[in-house]
Amino acid sequence: MKVKVAINGYGVIGRRVADAVAKQDDMELVGVCKVSPDYKALFALDKGYKLFTTDEKSVEKFRKMGVEVSGTVVDMVKEADIIVDATPGDVGPQNKEMYAKASKKAIFQGGEEHELTGFSFVAQCNYNQALGRQFVRVVSCNTTGLCRVLNALDLAFGVEKARVVIARRAADPDEISRGPIDAVVLDPVTLPSHHGPDVKTVLPHINITTMALKVPTTHMHLHSLIVQLKDRTVTAERVRDVLRRTPRILLVNSKLGVKSTAHAYDIGREIGRERSDIFENIIWEDSITLEDYELYLFMGVHQEAIVIPENIDAIRAMFNLASSEQSIEKTNATLGIKSSMP
Ligand code: NAD
């Protein structure tokens, strides 16, 4: 039996989750819900996806524009076993009522509060706790990246305390009205940024403080991590070995010319990924340094892509389709996720 998946909200995240679902042999994409009959709607139809929209008035709007529409979101929800809600943050609560009324499962994204579902997910950290759940929140891009690496370090060496400074891309590439264009914006000025507390929704025992600032770029966030490890015998080489063996982490080296987020993002283009997506944490292996028992490293996070595999694994967990290892392996294979450079 294939799980029938619908996508509500066809923006940066929704479009990518739809494409990823379409690649899974244990899932069927029943359709996507869009607000506007724009070019993205035409390309969705071209891919063979059924289009739904928010209400009857919008159905008329689509028809007037000559864009084929199969009904409203309520019709789409009826056809689905699970809805991946990728609407903008804070739209989730009203949609959750609709899903609950129809007795459907749903996944929400990191723009929603943890309290919306009471459970926040990162596949390699807490897959088993998602088994059979009705509602799950996949955490945001930065939190996903941090949880992957901190969980791996914690299991191998014990994390005493993590301190992280995040330089955030200010806007996604198509957000033409957002700035800044000539400033570094403290985001926020006071500590902590929301990322540290968000990591604790997945890994409650990790002692972490984060601070963040926005920089005028659109591709990738850049994390500077300083982590005190419990194991005082750790070497940089042992850290590299652990990270090399951790799924969804790709070690790169500045000696091979990867010296910036632009180069990291270029890897996605070079390997022919759809939309140049990078699903892996990019960690500079030559930044990994141990000094006075503290680990330092630089990490890049492609904000548009990193949470896509987690949405797929969350669907499998919620329907008990596979173990954590099986699901991660299957998702990695279907999305072409790399564990090492060639
Ligand atoms: P987006 O603005 O690119 O896409 C949201 C889409 O939902 C838009 O197409 C919008 O028209 C549509 N929409 C608005 N109201 C709707 C409604 N009531 N019903 C159906 N569709 C509706 O946003 P996004 O970047 O894809 O973010 C979606 C969620 O994913 C947010 O919770 C966000 O925090 C989270 N997220 C975003 C990123 C990122 O970097 N963009 C990364 C990780 C997580």
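Calculation notes
- Residues numbered from 1 in each chain as written.
- Predicted model: local features only at pLDDT ≥ 70, side-chain atom pairs only at ≥ 80, totals over all residues.
- Heavy atoms only, no water.
- Helix = DSSP H or I, 4+ residues; strand = E, 2+ residues; numbered from the N terminus.
- Buried < 20%, exposed > 50% of the residue type's maximum accessible area, 1.4 Å probe, protein only.
- Polar contact = N/O pair within 3.5 Å; in protein donor to acceptor, adjacent residues only side chain to side chain.
- Contact = heavy atoms within 4.5 Å.
- Phe/Tyr/Trp six-rings, centres within 6.5 Å; stacked < 30°, edge-to-face > 60°.
- Lys NZ or Arg CZ within 6 Å of the ring centre and 35° of its normal.
- Near = heavy atom within 4 Å.
- Areas by Shrake-Rupley, 256 points an atom, 1.4 Å probe, with all protein chains shown as cover.
- Nonpolar A, V, L, I, M, F, W, Y, C, P; charged D, E, K, R; others polar.
- Pairing = 2+ DSSP bridges.
- Axes fitted to C-alpha atoms, helices over the stretch in contact; angles between N-to-C directions.
- Patch = residues over 30% accessible without salt bridge, like charges linked within 9 Å, V, L, I, M, F, W, Y side chains within 5 Å.
- Salt bridge = Lys/Arg side-chain N within 4 Å of Asp/Glu carboxyl O.
- Arc of directions from axis to C-beta.

Draft legend 1. Spotlight on the side chain of R169. Inspection of the secondary structure puts R169 in strand 8 (residues 159–169). Judged by its relative accessible area of 10%, R169 is buried. A distance of 2.8 Å separates polar atoms of two side chains, one belonging to R169 and the other to D172. With residues near it in sequence (within four places) discarded, R169 still touches V215, T217, T218, H219, M220, H221 and Q303.

Draft legend 2. Up close: the packing of aromatic side chains. Summed over the entire model, instances satisfying the criterion amount to three aromatic pairs. Between Y99 and F108, the ring centres sit 5.9 Å apart and the planes meet at 40°, which makes this aromatic pair tilted. Taken individually, Y99 and F108 each receive the classification buried, so the pair is uniform in this respect. On the numbers, 6.2 Å between centres and 50° between planes, the contact of F108 with F135 is tilted. Placement of the pair is F108 in strand 5 (residues 105–108) and F135 in strand 7 (residues 135–138), with a sequence separation of 27 residues. On the basis of relative accessibility, which here comes to 0%, the residue F108 falls in the buried class. An aromatic cluster is defined as three or more aromatic residues linked by ring pairs; in this entry it consists of Y99, F108 and F135. The ring of F319 has K105 sitting right over it, with the charged end atom 5.0 Å from the ring centre. The side chain of R133 reaches across the aromatic face of F119, ending 4.1 Å from its centre.

Draft legend 3. Quick peek at the environment of K161. Turning to its location among the elements, K161 is positioned in strand 8. Judged by relative accessible area, which is 22%, K161 ranks as partly exposed. Setting aside residues up to four positions removed in sequence, K161 forms contacts with N207, T209, I226, V227 and Q228. Looking at K161, its side chain comes within polar contact range of the side chain of T209, at 3.3 Å.

Draft legend 4. Representation of the site of the ligand in the model. Neighbouring the ligand are 19 residues; V12, I13, G111, R169 and D172 lie closest to it. Contact distances for the ligand include 2.9 Å between an oxygen atom and a backbone N or O atom of I13. Contact distances for the ligand include 3.0 Å between an oxygen atom and a side-chain N or O atom of R169. In isolation the ligand has 820 Å² of accessible area, and contact with the protein removes 76% of it. When its residues are assigned to classes, the shell around the ligand shows eight nonpolar, nine polar and two charged.

Draft legend 5. Spotlight on the pairing of strand 8. With eight bridges joining them, strand 8 and strand 11 (residues 221–229) adopt antiparallel strand pairing. In the sheet register, A167 faces strand 11, and the bridge partner there is L222. Across eight bridges, the pairing between strand 8 and strand 10 (residues 208–215) is parallel. Following the sheet pairing, R163 is matched in strand 10 by T209.

Draft legend 6. Broad picture of the side chain of T72. Note that T72 resides in the loop between helix 3 (56–64) and helix 4 (73–79). For T72, the residues in contact, after removing those within four places along its chain, are F52, T53, T54, D55, E56 and V59.

Draft legend 7. Quick look at the sheet that holds strand 4 (residues 82–85). Spatially, seven strands are ordered 3-2-1-4-5-7-6 in an open sheet, and the strand pairing comes out parallel. Only two strands of the sheet have a single partner each, and these edge strands are strand 3 (51–53) and strand 6 (120–121). Packing of helix 5 (residues 92–101) onto the sheet brings it into contact with strand 1 (3–8), strand 4, strand 5 and strand 7, and relative to strand 5 it is tilted by some 165°.

Draft legend 8. Region of the structure containing a nonpolar patch on the surface. Together, V165, L191 and M211 make up a nonpolar patch on the protein surface, roughly 250 Å² of accessible area in all. Note on placement: M211 falls in strand 10.

Draft legend 9. How the structure looks around helix 5. Of all the residues in helix 5, the buried ones are G92, N95 and Y99. End-on, the buried residues of helix 5 take up no more than an arc of 65°, which puts them together on one face. Of the exposed residues in helix 5, those oriented more than 90 degrees away from the buried face are Q94, E97 and K101. Immediately downstream of helix 5, the backbone of S103 shows phi near 55°, a positive value.

Draft legend 10. A look at the environment of S287. Along the chain, S287 turns up in the loop between strand 13 (281–284) and strand 14 (289–291). The exposure class of S287 is buried, given its relative accessible area of 13%. Separated by 51 residues in the primary sequence, S287 and A236 have C-alpha atoms spaced 9.5 Å apart. Once residues within four sequence positions are removed from consideration, S287 is found in contact with Y296, L297 and F298.

Draft legend 11. Local environment of the pattern of salt bridges. By the definition in use, this model includes 27 salt bridges. One salt bridge in this structure joins R15 and D174, with 3.9 Å as the shortest N-O distance. Note that R15 is positioned in helix 1 (residues 12–22) and D174 in the loop between strand 8 and strand 9 (185–186), a separation of 159 residues in sequence. Its relative accessible area of 14% is what places R15 among the buried residues. The exposure class of D174 is partly exposed, given its relative accessible area of 38%.

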